[in-house]
Amino acid sequence: GRVDIKYRNLAGKHIIIELKRASRKVSSTELAAQGQKYRNALRKCLRDRNRDNEPHEFIFVIGTPLRDEDDREYVKGQLASVNGRVVTYQQLIDSARQGYKEYLEASKKLDRVYDLVQRL
């Protein structure tokens, strides 16, 4: 199989990221059910270490809109039930491009400053 889940602990918060196939169409109900399984497993691990009150979040990365995206309140409730949220691959790509664009612009400014200093 393929690895489609990632775990991180960031600033004391347990974050589980689930990558869905970009072409797979899922519903918020499916994501909530999957998040519930992950949450139960995480809570068991934390409980065994007397750390069961630590915060957690689930991030589901999807390629296509949710099947039930038209019912925003329902989707919001389903995802909130597991402290989850959805991010699309396109959002990640756009964010990376924006971040890289800002880096390139800052780099160009530094190059101009460097050139100016060299001329002095």
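Details of the structure are given in the entry above.
No experiment lies behind these values; they were computed from the predicted model shown.

A short note on the pattern of salt bridges
- In this structure the tally under the stated criterion is 7 salt bridges.
- Here Glu 30 and Arg 24 are joined by a salt bridge, their closest N and O atoms 3.2 Å apart.
- For Arg 24, a relative accessible area of 36% translates into the label partly exposed.
- Linked by salt bridges that have partners in common, Lys 13, Glu 57 and Arg 85 make up one network.

Quick look at the pairing of strand β3 (residues 56–62)
- Most of β3 is tucked away: 7 of the 7 residues are buried.
- Here β3 shows two buried faces, one formed by His 56, Phe 58, Phe 60 and Ile 62 and the other by Glu 57, Ile 59 and Val 61.
- Two elements, strand β2 (residues 13–19) and β3, share 6 bridges in a ladder whose sense is parallel. Directly across from Glu 18, in β3, lies its bridge partner Phe 60.

A closer look at helix α1 (residues 28–48)
- Over its 21 residues, α1 runs 30 Å from end to end, which matches the ideal 30 Å to within 8%, given 1.5 Å per residue.
- Along its buried surface, α1 packs onto β1 (5–10), β2, β3, α2 (72–80) and β4 (84–88).
- Asn 50 occupies a position one or two residues after α1 and carries a positive phi of about 55 degrees.

Topic: unusual backbone geometry
- Backbone geometry places Asn 50, a non-glycine residue, at a positive phi of 55 degrees.
- Relative to the helices and strands, Asn 50 is located in the loop between α1 and β3.

Some details on the sheet that holds β3
- Across the sheet, 4 strands lie side by side as β1-β2-β3-β4; this open sheet has mixed pairing. Strands at the two margins of the open sheet, each flanked by one partner only, are β1 and β4. Averaged over all pairs of adjacent strands, the angle between their axes in this sheet comes to 20 degrees, without regard to strand direction.
- With respect to the sheet, α1 is in contact with β1, β2, β3 and β4, its orientation differing from that of β3 by roughly 145 degrees.
- Strands β2, β3 and β4 of the sheet are contacted by helix α3 (residues 89–119), whose axis makes an angle of about 65 degrees with β4.

A few points about the nonpolar core
- Residues Ile 16, Val 26, Leu 31, Tyr 38, Phe 58, Phe 60, Ile 62, Leu 66, Val 75, Leu 79 and Val 82 constitute the largest nonpolar core, which totals 11 residues.
- The element that contributes the greatest number of residues to this core is β3, accounting for 3 residues.
- Once residues lying within four places of it in the same chain are set aside, the contact partners of Leu 31 are Lys 20, Val 26, Phe 60, Leu 66, Leu 79 and Val 86.

Here we look at the packing of α1 against α2
- With their axes 8 Å apart at the nearest point, α1 and α2 run at an angle of 10 degrees to one another. Taken together, the axis directions place α1 and α2 in an arrangement best described as roughly parallel. Note on element contacts: α2 touches α1 through Tyr 74, Val 75, Gln 78 and Leu 79, opposite Ser 28, Thr 29, Leu 31 and Ala 32.
- Here the residues of the contact of α1 with α2 are counted per class, giving 5 nonpolar, 3 polar and no charged.

Here is what the cut-offs are and how they apply
- Residues numbered from 1 in each chain as written.
- Predicted model: local features only at pLDDT ≥ 70, side-chain atom pairs only at ≥ 80, totals over all residues.
- Heavy atoms only, no water.
- Salt bridge = Lys/Arg side-chain N within 4 Å of Asp/Glu carboxyl O.
- Buried < 20%, exposed > 50% of the residue type's maximum accessible area, 1.4 Å probe, protein only.
- Helix = DSSP H or I, 4+ residues; strand = E, 2+ residues; numbered from the N terminus.
- Pairing = 2+ DSSP bridges.
- Expected span 1.5 Å × (residues − 1).
- Contact = heavy atoms within 4.5 Å.
- Axes fitted to C-alpha atoms, helices over the stretch in contact; angles between N-to-C directions.
- Core = buried A, V, L, I, M, F, W, Y, C linked by side-chain atoms within 4.5 Å.
- Parallel < 35°, antiparallel > 145°, perpendicular 65-115°, else oblique.
- Nonpolar A, V, L, I, M, F, W, Y, C, P; charged D, E, K, R; others polar.

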